[in-house]
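Spelled out, the chains give:
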Amino acid sequence: MFTIGILASGKGSNLKTIIDKIKEGYFSSVKISMVLSDNHNSGALKIAQKEGIKNIYIPPGKYRTFLQPDKEKEYVKILKENKVDLVCLAGFMRIIKQPFFKEFNDRIINIHPSLLPAFPGLEAWKQAFDYGVKFTGCTVHFVRQWPIDSGPIILQSVVPVLSDDTCETLYQRIQEKEHIIFPLAIKLISENKIFISNNKVIIK
Ligand code: GRF
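The structure displayed is predicted, hence computed values, not measured ones.

### Comments concerning the domain arrangement of the protein chain
In step 1: Each domain of the protein chain was delimited in the assignment, giving domain 1 (1-105) and domain 2 (111-139 + 154-204).
In step 2: The straight-line distance from the C-alpha centre of domain 1 to that of domain 2 is 20 Å.
In step 3: Facing the 17 residues of domain 1 at the interface are 14 residues of domain 2.
In step 4: Of the roughly 1300 Å² buried between domain 1 and domain 2 on both sides combined, carbon and sulfur atoms contribute 64%.
In step 5: The largest share of the area that domain 1 buries against domain 2 comes from Phe2, Asn14 and Tyr26, three residues that together contribute 34% of it.
In step 6: On inspection of domain 1 and its partner domain 2, the count reaches 0 salt bridges.
In step 7: Inspection of the domain 1/domain 2 interface yields 6 residue pairs in polar contact (both at pLDDT 80 or more).
In step 8: Secondary-structure elements contributing two or more residues to the side of domain 1 that touches domain 2 are strand 1 (2-7), helix 1 (13-24) and strand 4 (86-89).

### Some thoughts on the site of the ligand
In step 1: Taken together, Gly10, Lys11, Gly12, Ser13, Asn14, Gly91, Ile111, His112, Pro113, Tyr171, Gln175 and Glu178 make up the full set of residues adjacent to the ligand.
In step 2: Within the side chain of Ser13, a nitrogen or oxygen atom sits 2.5 Å from an oxygen atom of the ligand.
In step 3: Within the side chain of Glu178, one N or O atom sits 2.6 Å away from an oxygen atom of the ligand.
In step 4: The protein chains hide 90% of the 370 Å² of surface that the ligand would expose on its own.
In step 5: When residues in the shell around the ligand are grouped by element, the largest group, 3 residues, is from helix 6 (residues 167-190).

### Some points on the packing of helix 5 (residues 124-131) against helix 6
In step 1: At a minimum axis separation of 10 Å, helix 5 and helix 6 run at an interaxial angle of 125°. Judged by the angle between their axes, helix 5 and helix 6 are oblique. Like other packed secondary-structure pairs, helix 5 and helix 6 cross with a definite hand, here right-handed. Contacts between helix 5 and helix 6 involve Trp125, Lys126 and Phe129 from the first element and Cys167, Leu170, Tyr171 and Ile174 from the second.

### Considerations on helix 3 (residues 69-81)
In step 1: Helix length check: helix 3 (13 residues) gives 18 Å between terminal C-alpha atoms against 18 Å at 1.5 Å per residue, within 8%.
In step 2: In this fold, the buried residues of helix 3 make contact with strand 1, strand 2 (30-37), strand 3 (55-57), strand 4 and helix 4 (98-103).
In step 3: Phi turns positive one or two residues past the end of helix 3, at Lys83, with a value near 50°.

### With respect to the environment of Ala118
In step 1: Position of Ala118 among the secondary structure elements: in the loop between strand 5 (108-112) and helix 5.
In step 2: Expressed as a C-alpha distance, the spacing of Ala118 and Gly91, which sit 27 residues apart in the sequence, is 18 Å.

### Let's talk about unusual backbone geometry
Working note: non-glycine residues mostly have negative phi, and peptide bonds are mostly trans.
In step 1: Omega for the bond connecting Leu116 with Pro117 falls within 30 degrees of zero, at 10°, which places this linkage in the cis form.
In step 2: Residue placement: Pro117 occurs in the loop between strand 5 and helix 5.
In step 3: Note the cis peptide between Trp146 and Pro147, where omega equals -10°.
In step 4: Along the chain, Pro147 turns up in the loop between strand 6 (135-142) and strand 7 (153-160).
In step 5: In this model, Asp106 sits at a positive phi of 60°, which is unusual for a non-glycine residue.
In step 6: Tracing the backbone through its elements, the reader meets Asp106 in the loop between helix 4 and strand 5.
In step 7: Despite not being glycine, Asn192 has its phi angle at roughly 60°, a positive value.

Rules behind the numbers
- Every chain's residues receive numbers from 1 upward, in the order its sequence appears when written.
- Owing to the predicted nature of the model, reporting of local features is limited to residues with pLDDT of at least 70; listing and counting of side-chain atom pairs is limited to 80 or more, with chain, interface and lining totals taken over all residues.
- Remark: hydrogens and water are excluded; side-chain values derive from all non-hydrogen atoms of the structure.
- Where a domain begins and ends is set by an automatic assignment or by a domain database.
- We call two residues contacting when some pair of their heavy atoms lies within 4.5 Å.
- Buried area counts how much accessible surface, traced with a 1.4 Å probe, disappears from two parts once they are put together, with both parts' losses summed.
- The salt bridge criterion pairs a side-chain nitrogen of Lys or Arg with a carboxyl oxygen of Asp or Glu, the two atoms within 4 Å.
- Here a polar contact is taken to be a pair of N or O atoms separated by no more than 3.5 Å, where protein atoms must pair a possible hydrogen donor with a possible acceptor and residues adjacent in sequence count only if both atoms sit in side chains.
- Helix numbers and strand numbers start at the N terminus; a helix is a DSSP run of H or I with at least 4 residues, a strand a run of E with at least 2.
- The cutoff for a nearby residue is simple: one of its non-hydrogen atoms must lie within 4 Å of the molecule or strand.
- Per-residue and other accessible areas follow the Shrake-Rupley method at a 1.4 Å probe size, with only the shown protein chains counted as cover for residues.
- Angles run from 0 to 180 degrees between N-to-C directions of axes, and those axes are lines fitted to C-alpha atoms, restricted for helices to the stretch in contact.
- Oblique is the label for any angle not covered by the other classes, which are roughly parallel (under 35 degrees), roughly antiparallel (over 145) and roughly perpendicular (65 to 115).
- Here a crossing is taken to be left-handed if its near helix is turned anticlockwise relative to the far helix by less than a right angle, and right-handed if that turn runs clockwise.
- A helix is expected to span 1.5 Å for every residue after the first.

In C-alpha cells:
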C-alpha cells in the first residue's frame, strides 16, 4: 500500500476528490494515512472526520507564514511514525522548512493554482487575472525549500481566461482542473512512474 499524508489549511476540496477517487478505485493502492492541519476550523479536518480518516490539528505556533520549529518537528514526527510515503500539500498555507526536507526529500508535492513559474505565492489565480493573462491553470510539483512554489513540475493543466470571467469563475475552473491533475500525480508516483533527473520530472 502506498501511504499518503495530506496537509491542508482550507476547505479541502482537493482532499475530498482524493477520497472520492480512492472509493471509485482510481488508484491501484493508495491510502490516506492522515490529514494534518494548522487550522482547527478547516473544512479539510471536518471532511477527514466525516470520512473516518485520522485527522489532527497541530497548532502552527507564533509565526504567521511558517511553522514554529518545535511544531514543525511534530508534523514531521507523526508523518514519519505513520510511515507516510508521500506528503501532499493540498492547500497548506505555511512555508515548510528543513525538518520536512530532511525526512521527506523528493517526497513532498504541492498543488498550486497557476502555471508555475508564473504567479507563485498567494491567490495566484487573482494575480493572473489582474495581470490580464489569456491562459492560466494549475501545477503539481515537487516542493523545494526555496524559492516559494518552486520545484520539478510533475503535471500542469491549462485554463483559458474567458472575456466574461470574474476572479471567482476563473478560480472555479482552475479548481476543476486541480481535481484532475493532483490525484493523477499521486497515482503516477504511487505506481513508480515519476523520476527526477536534472531537476526535471520524467514520466515513464
Ligand atoms: C488550491 O487552490 C490549491 O491550488 C492551493 O490551495 C487551494 C486548496 O483548495 N494550494 P482546497 O482547500 O483543496 O479546496
